[in-house]
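Coordinate analysis (summary)
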Amino acid sequence: MRYSEMFLPTGREVPSDAELISHQLMIRAGLMRKLTSGVYSYLPLGYRVIRKFEQIVREEMNRSGAQELFLPMVQPAELWQESGRWVHYGKELLRFRDRHDRECCLGPTHEEVITDLVRNDIKTYRQLPRNLYQIQTKFRDEIRPRFGVMRCREFGMKDAYSFDMDEAGAEKSYRKMFEAYQRIFTRCGLRFRSVEADSGSIGGSFSHEFMVMADSGEDAVCYCGRCDYAANLEKAEIARPKIEDADIKNLPMEEVHTPNTRTIEEVCRFLNVTPDAVVKTLIFSADGTAVAVLIRGDHEVNEVKVRNFLGCASLELADEEMIRRVTGSPRGFAGAVGIRSRILADYSLIGMNDCVMGANREDYHIRHVKPGRDFRIGDYADLRMIRESDPCPRCGGEIKFARGIEVGHVFKLGTKYSRSMRAVFLDRDGKEKTMVMGCYGIGIGRTVAAAIEQNHDADGIVWPLPLAPYEVIITPVNINEPALSDAAEGLYRTLSEMDVETILDDRDERAGVKFKDADLIGIPYRVTVGPKRLAEGKMEIKNRRTGEITILPVSDVAPFLSTGIREAGKIEG
RNA sequence: CGGGGCGUAGCGCAGUCCGGUAGCGCGCCUGCUUUGGGAGCAGGAUGUCACAGGUUCAAAUCCUGUCGCCCCGACCA
């Protein structure tokens, strides 16, 4: 493509509303523009990158045996009422009425539609298993869209759904997707990690997130330095500690006046104890019912774990009114002694026998509390966040923390949708069975943004070759010199004939401007056509990533680039 | 939704306190010079100062309301 004919508006200024580097560069490099909050247009250059990534996704999905189809974005309310999500899916589900006053929604995901499709047309075990996928626009009315295309409302997603006869088959389908995802992100040249993820109320450990590692990532993950354990922080398990029979104290409870001490730090300072001797009592409202969660003062509660343990749909910290009802005191002084609610305790409370707690009375705490003696704990469970000092739950090795961008999620659904929507089949002996499902997503735009987070420098984007919108940019230093212009045109023609994706920067601009733009948009190879080299019959090839310069005779340039690109493709493929 | 900030030319911003001719840089158009890392000179175009109402002789500026956008907390690809 000739640069002079392209719609490629680049910018020198950093847009004022962009925080993340990927967001800034996607605007500056002319990849996209915002239409309204959380809704973006892709410009030609950006769309080429999207298409490149989609193609890799397609190839690997097809290779895994999945079949591509295309489902509607507008969906009828009835399907969502059947699955129960019309009520349970929150405000992210954009609902509206059509001219006949029929309730509809924009698809935030497609389990309902695909399950409906499959239940109508798959009737026998002979038609199973199947894995169907699409690359479609989703709409989720996010509370707070941010970070450009990273968390937006309208976005492209590859979503796949597997249907199997039984658990064993579903596990096989899951495995295949997991491997396909590994190949996809490897081919893109991204540094990523698959981590165990929360699978919500469906249960099981069959959920993995694919995280592109980046400090700007919204997700925190931990991984073991010794074994291959890796998990989303909210999922990371903590082994039940062994009970050490340390010195068992049996001091009587004592209520102490502790004015102006609401935080753990203040209590510790006042009573001269360490945070691990304090027990925090957090009052949650679980589907409207009060539950007290006890956690050591130096730990943080993991709400996902609490929610999963209770199996409740909603879990939030109780409001002032509920706290008063169960503790009889204002927020900040809750304790387990005498509390009127169910009590859950984190494993770390096991063996504690002399702790400080709120007294359920304003400005008072109790010390020398002994769980079991002074109050009863309903259940012990793993309810806290992992810390960097905790050992690996698998091998006891050292746990490390990192941040990542969730670009993919593989999920075993079980029969959640197939049961509620009656997706059944007849098995070999004529018995009706419920299909076992899995679902598998990849954020298309988000992966592209994540690739930029990981691949940029002070001058702009540094595309991994498989995602680059063009592979080569030819930069004649001065378009008004016929010799330079002709040589550049000649190379452009040769490369195009060799199917090398090339931009010819034929703009009547100064060399500096062209170099800056080439760097900004991140084309992997730049061929500079300048007077000095050309007089010697040579051209200069610069590698965007390494900065390495190769000087070759004119006739060798195209073959060099073509084979270089092909080789790189082979390695990544 | 709760808390904070912003809205002035295509982009980045000043001007707002203290009311009085709407500005700067980049970009854009024309011409000449220049031509290997965002050129120089000369000339030029571009504004519903977010919107609505109010106060005033006079409002970008003061008052009230509305909308939009961004950032921090409840969700997910």
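Residues numbered from 1 in each chain as written. Chains lettered and ligands numbered in written order. Predicted model: local features only at pLDDT ≥ 70, side-chain atom pairs only at ≥ 80, totals over all residues. Heavy atoms only, no water.

1. A look at the protein's contact with RNA strand B
- Around RNA strand B, the structure places 49 residues, and the nearest of them are Arg12, Glu92, Arg510, Asp519 and Glu540.
- Within the side chain of Asp219, one N or O atom sits 3.4 Å away from a base nitrogen of RNA strand B.
- With respect to RNA strand B, the side chain of His409 contributes an N or O atom lying 3.2 Å from a phosphate oxygen.
- For the surface near RNA strand B, the elements supplying multiple residues, two or more each, are strand S1 (32-36), strand S8 (154-164), strand S21 (399-414), helix H13 (511-521), strand S29 (525-529), helix H14 (531-535) and strand S30 (538-543).
- Looking at the surface near RNA strand B, its residues break down into 15 nonpolar, 11 polar and 23 charged. (Near = heavy atom within 4 Å. Polar contact = N/O pair within 3.5 Å; in protein donor to acceptor, adjacent residues only side chain to side chain. Helix = DSSP H or I, 4+ residues; strand = E, 2+ residues; numbered from the N terminus. Nonpolar A, V, L, I, M, F, W, Y, C, P; charged D, E, K, R; others polar.)

2. Focus: the confidence of the model for chain A
- The predicted model of chain A averages 92 in pLDDT, with 98% of residues at 70 or higher.
- Two summary scores accompany this predicted model of the complex, namely pTM at 0.93 and ipTM at 0.92. (pLDDT = per-residue confidence, 0-100.)

3. Some remarks on the packing of helix H2 (residues 44-63) against helix H11 (residues 444-454)
- Interhelical geometry of H2 versus H11 gives an angle of 110° and a closest axis separation of 10 Å. In this view, H2 runs roughly perpendicular relative to H11, as classed from their interaxial angle. The interaxial crossing formed by H2 with H11 has right-handed handedness. Across the interface between the two elements, Val49, Ile50, Phe53, Glu54 and Val57 from H2 touch Ile444, Gly445, Thr447 and Val448 from H11.
- Counted by class, the contact of H2 with H11 contains six nonpolar, two polar and one charged residues. (Axes fitted to C-alpha atoms, helices over the stretch in contact; angles between N-to-C directions. Parallel < 35°, antiparallel > 145°, perpendicular 65-115°, else oblique. Left-handed = near helix turned anticlockwise from the far one by under 90°. Contact = heavy atoms within 4.5 Å.)

4. Quick look at the sheet that holds S30
- Here five strands make up an open sheet; going across it, the order is S28-S27-S29-S30-S31 and the pairing mixed. Each of the sheet's edge strands pairs with one partner strand only, and the pair in question is strand S28 (502-504) and strand S31 (549-553). The average angle at which neighbouring strand axes cross in this sheet is 25°, direction not considered.
- In this structure, strand S27 (residues 472-476) lies alongside S28, joined through three bridges in parallel fashion. (Pairing = 2+ DSSP bridges.)

5. Considerations on helix H6 (residues 167-187)
- Across its 21 residues, H6 extends 30 Å between first and last C-alpha, which sits within 8% of the 30 Å expected from 1.5 Å per residue.
- Looking at H6, one finds that the buried residues are Gly169, Ala170, Ser173, Tyr174, Met177, Phe178, Ala180, Tyr181, Ile184, Phe185 and Arg187.
- Two residues or fewer after H6 comes Gly189, characterised by a positive phi angle close to 75°. (Expected span 1.5 Å × (residues − 1). Buried < 20%, exposed > 50% of the residue type's maximum accessible area, 1.4 Å probe, protein only.)

6. Re the packing of aromatic side chains
- Using the criterion set out here, one finds nine aromatic pairs in the structure.
- The rings of Phe53, Phe178, Tyr181, Phe185, Phe192 and Phe210 are connected pair by pair, giving a single aromatic cluster.
- The positively charged end of Arg175 is found above the aromatic ring belonging to Phe178, 4.9 Å away from the centroid.
- Looking at Arg361, its charged tip hangs above the ring of Tyr364, at a distance of 3.7 Å from the centre. (Phe/Tyr/Trp six-rings, centres within 6.5 Å; stacked < 30°, edge-to-face > 60°. Lys NZ or Arg CZ within 6 Å of the ring centre and 35° of its normal.)

7. Here we look at the pattern of salt bridges
- Going through the model one piece at a time under the given rule, you end up with 45 salt bridges.
- The salt bridge involving Glu68 is made with Arg58; its shortest N-O contact spans 2.8 Å. Linking Glu68 in strand S3 (residues 67-68) with Arg58 in helix H2, this pair joins segments that are 10 residues apart in sequence.
- Residue class for Glu68 comes out partly exposed when judged on its relative accessible area of 36%. (Salt bridge = Lys/Arg side-chain N within 4 Å of Asp/Glu carboxyl O.)

8. A closer look at the nonpolar core
- Grouped together as the largest cluster of nonpolar side chains are 62 residues, with contacts concentrated most on Phe53, Tyr181, Phe185 and Trp463.
- If sequence neighbours within four positions are ignored, Tyr181 has contacts with Met61, Lys158, Phe210, Gly408, His409, Val410, Tyr440, Gly441 and Ile442.
- Counting residues in hydrophobic clusters, the runner-up holds 26 residues, among them Trp86, Val113, Phe411 and Leu413. (Core = buried A, V, L, I, M, F, W, Y, C linked by side-chain atoms within 4.5 Å.)

9. With respect to the pairing of strand S15 (residues 289-296)
- Of all the eight residues making up S15, seven are buried; the element is thus mostly covered by neighbouring parts of the structure.
- As judged from the four bridges shared by S15 and strand S17 (residues 342-346), these two strands associate in the parallel manner. Residue pairing in the sheet places Leu294 in a bridge with Ala345 of S17.

10. Thoughts on the sheet that holds strand S13 (residues 254-257)
- Taking strand neighbours across the sheet as the criterion, the three strands line up as S13-S19-S18 in an open arrangement whose pairing is antiparallel. The open sheet has two edge strands, S13 and strand S18 (355-358), and neither has a second partner. With direction set aside, neighbouring strand axes in the sheet form an average angle of 30°.
- Across four bridges, the pairing between S13 and strand S19 (residues 364-369) is antiparallel. Looking across to S19, one finds that Glu255 is bridged to Ile366.

11. Topic: unusual backbone geometry
- Between Leu128 and the following residue, Pro129, the backbone shows a cis peptide bond with an omega angle of 0°.
- If you trace the backbone, Pro129 turns up in the loop between helix H5 (111-121) and strand S7 (130-139).
- In this structure, Asp287 is a non-glycine residue whose phi angle is positive, near 50°.
- Looking at where Asp287 falls in the secondary structure, it is placed in the loop between strand S14 (279-286) and S15.
- A residue is classified by how much of its surface remains accessible, and Asp287, at 45% relative accessible area, is partly exposed.
- One non-glycine residue, Asp363, lies in positive phi territory at about 65°.
- One can find Asp363 in the loop between S18 and S19.

12. Brief notes about the environment of Pro482
- Mapped onto the elements, Pro482 comes out in helix H12 (residues 482-497).
- The spacing of Pro482 and Thr502 is 20 residues in sequence and 20 Å in space, taken between C-alpha atoms.

13. Things to note about the side chain of Asn353
- Note that Asn353 resides in the loop between S17 and S18.
- By relative accessible area, which is 13% here, Asn353 ends up buried.
- Within the local environment of Asn353, its side chain forms a polar contact with the backbone oxygen of Gly351, the two atoms lying 3.3 Å apart.

14. Observations regarding the environment of Gly148
- Examined against the element boundaries, Gly148 turns out to sit in the loop between S7 and S8.
- Through-space distance from the C-alpha of Gly148 to that of Trp463 is 18 Å; in sequence the pair is 315 residues apart.
- Ignoring any residue separated from it by four or fewer positions in sequence, one finds Gly148 in contact with His23, Met32 and Tyr40.

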